[in-house]
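Residue-level listing of the chains:
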Amino acid sequence: MASGRTLSPLPEEMALSAFLKRLGRVAIAFSGGCDSTLLTAFALRELGSENVLPVHVSTPMTIVHETESAHHFAARFGACCTELEVDVLRLPEVVKNDKWRCYYCKKQIFSEIWKVAESAEFRHLLDGANLDDSGDWRPGARAADELGVLHPFVECGFGKRLIRLVSRRMGLSSWTMPAAACLASRIPTGVPLSREVLSRCGEAETLLAGIGFPGCRVRCLEGNRASLEFRGPYLSRALRLREKIAEELSCCGFSEILIDPEGYRRGAMNKL
């Protein structure tokens, strides 16, 4: 997993190594994103594959490329990754999509992961939450804490920049992955969720990534309008290619395609 030359471990890496070794055997909520990929790779290196149980959960709100990334990682590193499908849209509290939606969703997901972990005699469940996650509205973190999920990156001083740095040092391609959030974050708080709208947003983002706009957000607004949020330098390019983008997304069924002039904003659909 190393990149070819030996690098002296950073203090946070040493702390993470010690943290994992104290636990001995760990299950990991493995989304396939940058954070959980590093945690899984690090745990595999420190504890060995027999002591690490990555569990990937697919829901109607899962980002497709994260599931693909989880598959690629497991194949590359020989990780025995358990996959679950959890239909969180069966929960009225999730479909309602109020400000506590993430709490109910994460509680269901982590409960299902715990069942798998405990049946395999794993007594510790970890996630990839990090220091930078504290600056946004995250009721899902409350659900994780209530269920006894541990947060090694928080305990050992990892923020997003350090996660990317260590990922790169370990030779993980995930170090360049844009930050992601579940597809429900594309729908304004208070607007009920449906499979159709979630799928439409996911399909549109996949199409945009295919024409050179990774990490964009397709927000579904009232009247079935799509508001596109682009990151940094991609915004000016998107404005120049407005017509091409509208044509590319014509198959997604939106009534109107808008480009947000403010670009990507974390938690833009939250109404607290």
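Figured I'd write up the structure that's included with this text. Bear in mind that the values here come from a model prediction, so they are computed numbers and not experimental data. (Residues numbered from 1 in each chain as written. Predicted model: local features only at pLDDT ≥ 70, side-chain atom pairs only at ≥ 80, totals over all residues. Heavy atoms only, no water.)

In this section: the overall build of the chain. Within the chain one finds 11 helices and 7 strands. Taken over C-alpha atoms, the radius of gyration comes to 19 Å for the chain, in line with the 19 Å a tight globule of 272 residues would show. Reported as C-alpha extents along the three principal axes, the dimensions of the chain are approximately 55 × 45 × 30 Å. Counting across all 272 residues of the chain, residues that qualify as buried make up 47%. Long-range contacts, defined as pairs at least 24 residues apart, comprise 75% of the intrachain contacts of the chain with a sequence gap of at least 6. About 13,300 Å² of surface is accessible on the chain, with carbon and sulfur atoms providing 52% of the total. (Helix = DSSP H or I, 4+ residues; strand = E, 2+ residues; numbered from the N terminus. Rg over C-alpha atoms; globule rule 2.2 N^0.38 Å. Buried < 20%, exposed > 50% of the residue type's maximum accessible area, 1.4 Å probe, protein only. Contact = heavy atoms within 4.5 Å. Areas by Shrake-Rupley, 256 points an atom, 1.4 Å probe, with all protein chains shown as cover.)

For the rest of this paragraph, the subject is the packing of aromatic side chains. Counted under the stated rule, the structure contains 7 aromatic pairs. Seen from their ring centres, phenylalanine 153 and phenylalanine 158 are 5.0 Å apart, and the 40° between their planes marks the pair as tilted. Summarising the aromatic geometry, the rings of phenylalanine 213 and phenylalanine 230 are spaced 5.0 Å apart at their centres and angled 65° between planes, so their arrangement reads as edge-to-face. Residue phenylalanine 213 is found in the loop between helix H9 (195-210) and strand E5 (217-221), and its partner phenylalanine 230 is found in the loop between strand E6 (225-229) and helix H10 (234-240); the two are separated by 17 residues along the sequence. The positively charged end of arginine 200 is found above the aromatic ring belonging to phenylalanine 254, 5.8 Å away from the centroid. When the ring centre of tyrosine 264 is taken as origin, the NZ or CZ atom of arginine 231, which lies over that ring, is 4.0 Å away. (Phe/Tyr/Trp six-rings, centres within 6.5 Å; stacked < 30°, edge-to-face > 60°. Lys NZ or Arg CZ within 6 Å of the ring centre and 35° of its normal.)

Before going further, it helps to spend a moment on the sheet that holds strand E7 (residues 256-259). Strands sit in the order E5-E6-E7 across an open sheet of 3 strands; the sheet is mixed. The open sheet has two edge strands with one neighbour each: E5 and E7. Across the sheet, the mean angle from the axis of one strand to that of its neighbour is 25°, orientation sign disregarded. Relative to E7, E6 runs parallel, the two being bridged by 4 bridges. In the strand pairing of E7, alanine 226 is matched with isoleucine 257. Against the sheet, H9 contacts E5 and E6, and its axis sits at roughly 145° relative to E5. (Pairing = 2+ DSSP bridges. Axes fitted to C-alpha atoms, helices over the stretch in contact; angles between N-to-C directions.)

Sheet strands pair by backbone hydrogen bonding; their relative direction is either parallel or antiparallel. On the basis of which strands lie adjacent, the open sheet formed by 4 strands has the order E3-E2-E1-E4 and parallel pairing. Strands with a single pairing partner mark the edges of an open sheet, and in this sheet they are strand E3 (82-85) and strand E4 (125-126). Bridge count between strand E1 (residues 26-29) and strand E2 (residues 52-58): 4 bridges; the pairing is parallel. Across the sheet, the residue bridging to isoleucine 28 is proline 54, located in E2.

So, about the packing of helix H5 (residues 101-119) against helix H6 (residues 139-146). Direction vectors running N to C along H5 and H6 enclose 35°, while the axes themselves pass 7 Å from each other. Helix-helix and strand crossings are classified by hand; for H5 and H6 the assignment is right-handed. Across from Cys102, Tyr103, Lys106, Lys107 and Phe110 in H5, the residues of H6 making contact are Pro139, Gly140, Arg142, Ala143, Ala144 and Glu146. (Left-handed = near helix turned anticlockwise from the far one by under 90°.)

Attention shifts here to the layout of surface pockets. Space inside the second largest pocket adds up to approximately 340 Å³. Lining the second largest pocket we find 20 residues, and of these Ile63, His65, Glu205, Thr206 and Ala209 sit closest to its centre. For the lining of the second largest pocket, the secondary structure elements donating two or more residues are helix H3 (64-77) and H9. Looking at the lining of the second largest pocket, the element that brings in the most residues is H9, giving 5 residues. Partitioned by chemical class, the residues of the lining of the second largest pocket number 11 nonpolar, 5 polar and 4 charged. (1 Å grid on protein atoms, 1.4 Å probe; cavity = no way out; pocket = protein on both sides within 12 Å on 5 of 7 lines; lining within 4 Å. Points joined across faces, edges and corners; volume = space filled by probe spheres on them. Nonpolar A, V, L, I, M, F, W, Y, C, P; charged D, E, K, R; others polar.)

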